[in-house]
Structures are given as structure tokens and as C-alpha cells.
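Next come the chains, spelled out residue by residue.
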Amino acid sequence: MGILEVKNVGKRFGGLQALGDVNLSVAENSVHAIIGPNGAGKSTLLNCLVGKLIPDTGSVMFDGQSVLGRKPYEINQMGISRVFQTPEIFGDLSVLENMLIPCFAKRDGAFHLSAFKNMLADKEMVERAQHMLEEMNMAGKHAMNAAALSRGDKRRLEIGMCLSQEPRLLLLDEPTAGMARADTNNTIDLLKQISDERDITIAIIEHDMHVVFSLAERITVLAQGTPLVEDTPDNIKGHPKVREAYLGETQDAA
Amino acid sequence: MLKLNKSDTLLFVIVAAMVLLAPFILNPFPQGSSLAQMFNAGYPDLMQRFVIFGILVIGFNILFGLTGYLSFGHAAFLGIGSYSAVWMFKLLSMNVIPALILSMIVAGIFSLAIGYVSLRRSGIYFSILTLAFAQMSYNLAYSVLGNPSSSYNLTNGETGLQVYSNDPQYFASSSAPDTPHLFGLAMSDSSKLDIGSWQFTFNNGYYMSGILMLVAFYISIRIFRSPFGMMLRAVKSNQQRMNYTGLNTKPYTLAAFVISGMYAGLAGGLLSSMDPLAGAERMHWTASGEIVIMAILGGVGTLIGPIVGAGFNEYFKNILSKINDGILHQWLSFLPDGLENFIVGILHYFVGKGWHLTLGLLFMMVIIFLPGGLVEGGQRLAKLFKRKKTEDGSDSNNTPAK
Ligand SMILES: Nc1ncnc2c1ncn2[C@@H]1O[C@H](COP(=O)(O)OP(=O)(O)OP(=O)(O)O)[C@@H](O)[C@H]1O
Ligand SMILES: [Mg+2]
């Protein structure tokens, strides 16, 4: 049994069957990539995992518990963190505050009325946030407004924010989309390091085959809302169905 | 000091000093001079309004400034606080303590209910819901619940709720004043100090309200610096990220709404404590709009902005409405007659009853040129001043970094 078990999940938008009958099992502490052409339903699937969408049919189990019907914040508190396609951070707040918020959310829960404590006097939280910033190589930027960061830094910050919650499952939706090669490689290294050093499961949606084949231990190929195959990267590369449906000329690039 | 950091302590001390010394600061001109008549603001009624509206806008800023939720119905809580206080005067005694406590509790209960419903939506829909609730409250107070011949006359309609000699006042003692008082200290009483041709007035009601404003201000600083305050700013910045960071935004925004509603209730209770008469017009939507204007004038989301905005608004409203054609003629008498009459004819529309027009123009100028409010103006001036100083070179060596 994997840490994430998706069974017979279907989702329809009006006349469009975005997800047909998706079955997916993600093994604990693995890196699992989901690939597929545009409009295959990858983001839709991810949205069904984090409570943004409720699937019409099927079940989603995380660590033996159903996530369906729970609010996004409840699912996060179960141990699932999500990185968005365009970095979602608190632009008006400082980098340090961005990092403090998930730390507080992890320790104090979904709501905590501490209107009379001084935030910066909370040594435990501040140290944890600063430590995380150091790990992300951003300690020098702690006082900056997060909106002023470069795109690569925003992405690092967002990943760091998710990690500071010590999630058991980290979901990433095209984390390198629109990034320059150098930034992409940095992100690959960062994610590799994360999965090597921590007890964490990573599920990643990605178009960039270079990223996928550098990171993933297993790959699921999604096309028109249904999984075509699921296998190791080596087998996926040579799979005729996959070449036909998706890889095409990108194969030699990989 | 007081568990505040250095710059917050400094800010608090400055505000405290200004509040305590206001009777001097606001009376710069000698008694009886024409300048005094026009520009002196050190009389009880106006000073009370400064600090009471200060409390109101400080509370409003906790909601609007931190979370970005623009309530367009906050005057409802002001009115609810006013009515609650007068009821305490009618039923218990003229002591202001139970009145102020009840006004905060009742406003808190109403804001919990109104906030719970309104916060189901955000943005413009939230604003409209709060506006609708406030107008409902106004209409209830004005007619439905204010019919003197009915048995549930809570607000006394058009006349306004006031204390009558046949009210029960179960706890009134015969020795206490028959106006609102703090354990015998009448709110309307003042002591006066004459220095040369200056006269300074120290009013009990002003000082009680002023001290409560300092408490309110202190609490707001603490909220701004707390994890709770940071979560409220996070609501404004990115709710999506909050939800996916395991945070439930609803109770955060609702808590902010109730806190700001209770601030408004306290302000309403204080208005009634200064003058025990509560009318429905306090809840009218224009009153709600004025709260928004004061907040924006001062500088939304800043600590000191609300106090500046409330003070600025009340001060200019007061001056502008006092100016009339006679005074204008007096000021412009150095001009040739024709020109004088022409200019007075134009200015006529901007003063006296036309004060709305001038204040509206000022408001527009602030929005356009100082989107951060008067606080931003002050910051820009300070920067300009600093730069000049360093350019002179006279000060460049010993100016500290910040
Ligand atoms: N909220 C929605 N309402 C209606 N249709 C939607 C909605 N979200 C997605 N779709 C449709 O569902 C299909 C799957 O979309 P999805 O975003 O999951 O694809 P994807 O695999 O993530 O594609 P991409 O690689 O372009 O990100 C698309 O045809 C899309 O237009
Ligand atoms: Mg997508």
C-alpha cells in the first residue's frame, strides 16, 4: 500500500470528462512523476488530491485516511503540502514572515488566537524559520519583501515554506515551468537533496523531460484523463504507447 | 518598555504625550483673538471627538488595514454602542463603566452575527453585505424599533434615545451627578487654567476618552506585532496560500471583524457618555463612509494613520463649517472690492455648510497624490528633510543609520 492511493477517480466539467478512471499508487518516500500532454488532466488530478476539487467518483486515501470532503487546510494539516505552478507566496510580507507562517501553522494549528504575543519574541519559531531560510540559501534576504524576489527565489521560498511544515507528501505542479536552464537545474538539485535527506514522498507534475528523468523513480503517463502506463523511467523512455501519445520527438532530448 | 520594541515605544510615548497635552497643543492662540475663534481646537467637545473617533478608526484599521476586508457598515456598531450605553444610564445609573462595558459586549455580539454572514463573501460582495446590514440596523433603529407608542421601543426613533427623570435608574445614588459620570466625576466638568491671555480647558470626559484611546492604541500595536496580526496580513496578501498552508482564514477574519466591532461599540458608548443622547443617524451609511474616509486619509494599515485621519477629518470639518462669508470678507479685505466679492462668491461654496466639498477635494488629493495617506506624506517629508541634511554635509557624520 502506498502512502497515497487514488482509486477510480473521475471528474467531469460539463461535457468534458477531464479525468476518466484514474488509479494511482504512490509509494512512501519515493519520487513519483506524472506526465502527459497538455489538457491530459494532470492539474485536475492534483486539485482532487488537495481539496480544491471534489472528484465525481472514486476515492483518494492518504496514509489510510480519506481526503475527500475535507477542506484544503485540513488536508494540509494531514501532511500534504502543495507547490503551485506560479509561486504562491505572501508578496506583501517579508521573506522571514513568509517562512514564519507555515511554522506557526504547523505548531499552532489551523487557527490560534495569539493577539498579545510578540511574534519575533517566539524564539522557537524564529529559529526554525531562519534555519529553513539558511537551508534554502536565502538567509541574507530575510528582510526583503517577498514580492521583490526573483522568480527562482520565489520558487525556493515556496518550497522552503512547504518543507518547514515537514509534510509527508509534497506535491509539485510544474515547478520549473518558465524557468531558465540554470534555475531549473538548481531546482532539480534542491528537490534531489530534499528527497535524499528527508522522509518525504514527492509527487511531481512536469513537462520538462530532463527534470522528470533526473528525479523520478516511477512515472505515470496520463493521457485524456486516464493513465496509459506506470513504470520506471527507463521503461517509460522506450515504451511504444508513450512515444505515440506523448514523447514523440522529445525522446532524443531526454 | 511595555513589551514594545524601541520604535513602537517611541511612537506610543509621543501619542500619549500629545493626548495628555492636547489642551495646550490645540490652543495655540490667546483667548478671544480671531485666530483663536477659528483655529483653536482645545475645547472639550472637539477634543472628545478627536479621541473617540480615533478609537473607532483604530479598530476599523485592524479589520480593513490588516485583512483588507472593507466593511462599509461599521457605523452600525457605533450606533449599537451608543444605544446600549444610554440604556445602561436609563436602567442602572449614570455611571459610565457599566455603559461602556455593555456597549462593547452588545457591539461584539452584533459584529459576530453580521461578520459571520458577511464574511462568507469577500471583496465588493463583503462590502455590500456589511452596507446592507448597516442600513437594516439604521432602519430598525429609526422606525421599527423606535415607535414610542409600542411596547418594544428600544431606540425612541426620530427623537433619539435619552434619559428621562422617570427612568428607573435602579442603582442611582442621590449624591452622584445626574449627567454621565465616573464614580462621581462628571464627564462634562472641566477645570480651566489661565496663563496670560491664554485659557486652557481640562475636561474629565476628554481625559477618560483619551486614556481609553491610548489603551486601544496600545492593544492595536500589540495585535500588529503578534502572530495573529501577521496571519491577518497574510489574509490580505494571499488567501490561497493560507488555505494550502493549513490555515483556516474564516476564524481569523471573523476575530478581526469582532475586535473592530467592539472598538466601534466602545466609541459609541463614549459618545453617549459625553452626551447621553443616541440617535439613529449615527448608523447612517454616510457615517460608515466617513469611517472609511478617515482610515484612508490617515493611512491604511499603519499604526498611527487612524489617529491622524480621525484628527484631520474632525479638525477640518470643524474649522470649515465655522467659516462664513463675513470671515472671508475680513480675510480678503486687502483685495480690490470687485475681486474680493468675486473670490468670496466662489469660496462661499467650500465653507460653512459646504465643508463637505472641501473635505471631499482634500480626500481626492490625498488618494491621488498620497495613496498611503497622510502618514505617507509625513514619511516623504521626513525623507526629503533627511536628504537635504546629508547633502549639506553638516550632519552626515553623526546621523545614525536609522
Ligand atoms: N475548472 C475547470 N472548468 C472547466 N474545465 C476545466 C477546468 N479545469 C480544467 N478543465 C479542463 O480539463 C482538462 C484538463 O485540464 P488540466 O488543467 O487538468 O490539464 P493539465 O494536464 O494540467 O494540462 P497542462 O499541461 O496544460 O497544465 C482541460 O481540457 C481543461 O480545459
Ligand atoms: Mg496543469
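Residues numbered from 1 in each chain as written. Chains lettered and ligands numbered in written order. Predicted model: local features only at pLDDT ≥ 70, side-chain atom pairs only at ≥ 80, totals over all residues. Heavy atoms only, no water.

Residue and element names in this part refer to chain A. Using the criterion set out here, one finds 21 salt bridges over all chains in the structure. Between Arg168 and Asp63 there is a salt bridge; the shortest N-O distance is 2.6 Å. In this pair, Arg168 sits in the loop between helix 5 (151-163) and strand 7 (169-173) while Asp63 sits in the loop between strand 4 (57-62) and strand 5 (65-66), placing the two residues 105 residues apart along the sequence. Looking at Arg168, the relative accessible area reads 30%, which means it is partly exposed. As a salt-bridge pair, Asp208 and Arg181 come within 3.1 Å of each other at their nearest N and O atoms. (Salt bridge = Lys/Arg side-chain N within 4 Å of Asp/Glu carboxyl O. Helix = DSSP H or I, 4+ residues; strand = E, 2+ residues; numbered from the N terminus. Buried < 20%, exposed > 50% of the residue type's maximum accessible area, 1.4 Å probe, protein only.)

Quick look at the site of ligand 1 now. All names here are of chain A. As a structural note, the neighbourhood of ligand 1 is formed by 13 residues, with Asn38, Lys42, Ser43, Thr44 and His207 the closest of them. In the environment of ligand 1, an oxygen atom lies 3.4 Å from a nitrogen or oxygen atom belonging to the side chain of Glu174. Contact distances for ligand 1 include 2.8 Å between an oxygen atom and a side-chain N or O atom of His207. Relative to its free-state accessible area of 630 Å², ligand 1 is covered by the protein chains to the extent of 59%. Here the element with the most residues in the shell around ligand 1 is helix 1 (residues 42-50); it accounts for 3 residues. Its residues placed into classes, the shell around ligand 1 shows 5 nonpolar, 6 polar and 2 charged. (Near = heavy atom within 4 Å. Polar contact = N/O pair within 3.5 Å; in protein donor to acceptor, adjacent residues only side chain to side chain. Areas by Shrake-Rupley, 256 points an atom, 1.4 Å probe, with all protein chains shown as cover. Nonpolar A, V, L, I, M, F, W, Y, C, P; charged D, E, K, R; others polar.)

Residue and element names in this part refer to chain A. Across the sheet, which stays open at both edges, the 4 strands sit in the order 2-1-4-5 with antiparallel pairing between neighbours. A strand with exactly one partner marks an edge of an open sheet, and here the two such strands are strand 2 (16-26) and strand 5. As defined by bridge partners, strand 4 adjoins strand 5 across 2 bridges and the pair is classed as antiparallel. Directly across from Met61, in strand 5, lies its bridge partner Ser66. Along the sheet face, helix 1 touches strand 1 (4-13), strand 2 and strand 4 and points at about 65 degrees away from the line of strand 2. (Pairing = 2+ DSSP bridges. Contact = heavy atoms within 4.5 Å. Axes fitted to C-alpha atoms, helices over the stretch in contact; angles between N-to-C directions.)

The nonpolar side chains of soluble globular proteins are, as a tendency, buried together. Leu100(A), Leu157(A), Ile204(A) and Ile219(A) are the most contacted members of the largest nonpolar core, which totals 146 residues. At 15 residues, the largest contribution of residues to this core is made by helix 3 (residues 44-67) of chain B. Here this core spans two domains, and each of domain 1 (1-79 + 167-254) and domain 2 (89-166) of chain A adds at least three residues to it. Beyond its immediate chain neighbours, meaning those up to four positions away, Ile204(A) contacts Val31(A), His32(A), Ala33(A), Ile34(A), Leu172(A), Pro175(A), Leu191(A), Val211(A) and Leu215(A). (Core = buried A, V, L, I, M, F, W, Y, C linked by side-chain atoms within 4.5 Å. Domains from an automatic or database assignment.)

Moving on, we get to the sheet that holds strand 7 of chain A. All names here are of chain A. In space, the 6 strands of this open sheet follow the order 6-7-8-3-9-10, with mixed pairing throughout. The open sheet is flanked by strand 6 (80-83) and strand 10 (226-231), the only strands paired with a single partner. Neighbouring strand axes in the sheet, compared pairwise and without regard to direction, differ in orientation by 20 degrees on average. Sheet topology note: the strand 6/strand 7 ladder contains 4 bridges and is parallel. Along strand 7, the bridge assignment pairs Ser81 with Leu170. On top of the sheet, helix 5 reaches strand 6 and strand 7; it is set at about 175 degrees to strand 6, its chief contact. Against the sheet, helix 6 (residues 181-197) touches strand 3 (31-35), strand 7 and strand 8 (201-205), its axis set at about 155 degrees to strand 8.

A few words now on the domain arrangement of chain A. Residue and element names in this part refer to chain A. The domains assigned to chain A are domain 1 (1-79 + 167-254) and domain 2 (89-166). On a C-alpha basis, the centres of domain 1 and domain 2 stand 26 Å from each other. Together, the buried faces of domain 1 and domain 2 total about 1,400 Å²; carbon and sulfur atoms form 58% of this surface. Among the residues domain 1 hides against domain 2, the three largest losses belong to Pro167, Leu190 and Arg198. Together they make up 37% of the total. Here domain 1 is connected to domain 2 by 1 salt bridge. Residues Glu135 and Arg198 are paired through a salt bridge, measuring 2.6 Å at the closest nitrogen-oxygen approach. Taken together, the links from domain 1 to domain 2 amount to 5 residue pairs in polar contact (both at pLDDT 80 or more). At the level of secondary structure, the elements contributing two or more residues to the side of domain 1 that touches domain 2 comprise helix 2 (72-78), strand 7 and helix 6. (Buried area = accessible area lost by both parts, 1.4 Å probe.)

Residue and element names in this part refer to chain B. For Glu314, the position within the fold is in helix 12 (residues 305-322). Here the side chain of Glu314 touches Arg49 through a polar contact of 2.8 Å, side chain to side chain. When sequence neighbours within four positions are dropped, the list of residues in contact with Glu314 reads Leu46, Arg49, Phe50, Phe53, Glu290 and Met294.

Right, let's get into unusual backbone geometry. A positive phi is found at Glu166(A), a non-glycine position, where the angle reads about 50 degrees. Note on placement: Glu166(A) falls in the loop between helix 5 and strand 7. A positive phi is found at Phe183(B), a non-glycine position, where the angle reads about 45 degrees. If you trace the backbone, Phe183(B) turns up in the loop between strand 2 (181-182) and strand 3 (185-186).

Time to look at the packing of aromatic side chains. Under the criterion given, the structure shown has 18 aromatic pairs over all chains. With 5.2 Å between their ring centres and 75 degrees between their planes, Phe84(A) and Tyr244(B) make a pair best called edge-to-face. Of this pair, Phe84(A) sits in the loop between strand 6 and helix 3 (95-108) while Tyr244(B) sits in the loop between helix 9 (239-243) and helix 10 (249-274), which puts the two residues in different chains. With relative accessibility at 5%, the residue Phe84(A) sits in the buried group. Centroid distance Phe202(B) to Tyr207(B): 6.5 Å. Interplanar angle 25 degrees. Geometry classified as stacked. (Phe/Tyr/Trp six-rings, centres within 6.5 Å; stacked < 30°, edge-to-face > 60°.)

This brings us to the packing of helix 3 of chain B against helix 10 of chain B. What describes two packed helices is the angle between their axes and the distance between those same axes. All names here are of chain B. Where helix 3 meets helix 10, the axes come as close as 8 Å, and the angle between the chain directions of the two elements is 170 degrees. Comparing the axis directions of helix 3 and helix 10 gives the class roughly antiparallel. Contacts between helix 3 and helix 10 involve Gln48, Ile52, Phe53, Ile55, Leu56, Ile58, Gly59, Phe60, Ile62, Leu63 and Thr67 on the former and, on the latter, Thr253, Ala256, Phe257, Ile259, Ser260, Tyr263, Ala264, Leu266, Ala267, Leu270, Leu271 and Met274. Partitioning the contact of helix 3 with helix 10 into residue classes produces 18 nonpolar, 5 polar and no charged. (Parallel < 35°, antiparallel > 145°, perpendicular 65-115°, else oblique.)

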